[in-house]
Structure formats: C-alpha cells, structure tokens
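Chains, contacts and geometry: an overview
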Amino acid sequence: MLMGLAVATLLCPLASALPALAQPKVNIEQNFADSLTAMPKEDLGVSGGFYVPAYSSVAMSQGKLRVDFSVTLSVHNASETQPLVVKRIAYFDTAGKQVESYLKAPVALKPLATVSIFIPTDDVRGGTGANFIVDWAATGEIAEPAVEALMVGGVANAHYAFMSQGRSTRTVGKK
C-alpha cells in the first residue's frame, strides 16, 4: 500500500506535464438544449453560409515563436421572432482539409439564442489558417445570423484575445 502511494506521488508531476487529452466531441444538442427549439415543419426557403477565419496558432517574433490559442466559435440567431436552422458547422485546417464536423443533423436555434464550439489551446490541428464553414437556413425572411470566432492565448506574461467575424458566402431565397 505504501509502495503504491509512493509511486503515485512520484508520477503525479509527470501526469501534469503530459499534454491534455483532446476534449470529448461537442454535443450541441445536449450542451445547448436550452438554446434549441423544434425543427420548423415549413420548407426552408432561405439559406446562407459563413466562412469564419480562426487561428489556433499564430507565428510571432519573426516566425521564431508559435503561440497557441483556444478558439470559441459562436453562432447567434439575430432574429427576435424566427428560429434559425444551423445545418452545418465544419472546422478546416490551413490546407483546407476538414478537421471536424460538429453536427449530426441540423438544429433549430430559438430567437436570439446562441450555440458555440470550443477548441482548446492544445488542439492545434487547425494551424495558422484554420477556418469554419457554417451553413444556415430559415423558413422565410430572417435577420442574418452573427457568426464570430474568439481566440484567446498567451506566452509568458503576455495574453492576447482577438475576434474574427464570419463573412457571408451565399444567400439563396428571399432576403
């Protein structure tokens, strides 16, 4: 018993030095249940998409230093009255290869509700040119959603936070 306790005590510092394990897959339906509503029964006559630049890593000091950032992608339904259907949230790396897909099926956001995706600092799969594609739809005329990425990180005593706004890639249907 004492030997086991001694070994555990010796290994504790090693455990904290190991890189953190990847976060479990995001379950939007479960994590954001209060933000979601039933899928509309009407046809989705309006749709659009966003491209959102994100930076899980940034080169600094003339490229000699890499600083890693956590990334939070937020999708906000800007309508006060209509549900917004989020059809796809996909994360891509610098080379344009899909790293992760975050929805099993489309979800409907309540008016003024938000869902978000969090990528921890130690997940650098996206690299310096990471990005998200977010596809959305609605049954009719609706305020365009707000889609943004917040990056937070630091090196030594310096901490950085910056945002990247999504850029509309397309809108089909009435607007």
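For the rest of this paragraph, the subject is the environment of Pro111. Along the chain, Pro111 turns up in the loop between strand 7 (107-109) and strand 8 (114-119). Along the sequence, Pro111 and Leu84 sit 27 residues apart, while their C-alpha atoms lie 7.3 Å from each other.

With that out of the way, let us pick up the side chain of Asp123. Within the fold, Asp123 resides in the loop between strand 8 and strand 9 (131-138). Accessibility expressed as a relative area gives 14% for Asp123, which makes it buried. A distance of 2.8 Å separates the side chain of Asp123 from the side chain of Arg125, its partner in a polar contact.

Within the element layout of this structure, Ser79 appears in the loop between strand 4 (65-76) and strand 5 (84-92). Here Ser79 falls in the buried class, since its relative accessible area comes to 6%. Taking the C-alpha atoms as reference points, Ser79 and Leu112, 33 residues apart in sequence, are found 5.8 Å from one another. Excluding residues within four positions of it along the chain, Ser79 makes contact with Pro111, Leu112, Ile142 and Ala143. A polar atom in the side chain of Ser79 sits 3.1 Å from the backbone nitrogen of Thr81. Side-chain polar atoms of Ser79 contact the backbone nitrogen of Gln82, separated by 2.8 Å.

Scoring rules and cut-offs
- Residues numbered from 1 in each chain as written.
- Predicted model: local features only at pLDDT ≥ 70, side-chain atom pairs only at ≥ 80, totals over all residues.
- Heavy atoms only, no water.
- Helix = DSSP H or I, 4+ residues; strand = E, 2+ residues; numbered from the N terminus.
- Buried < 20%, exposed > 50% of the residue type's maximum accessible area, 1.4 Å probe, protein only.
- Polar contact = N/O pair within 3.5 Å; in protein donor to acceptor, adjacent residues only side chain to side chain.
- Contact = heavy atoms within 4.5 Å.

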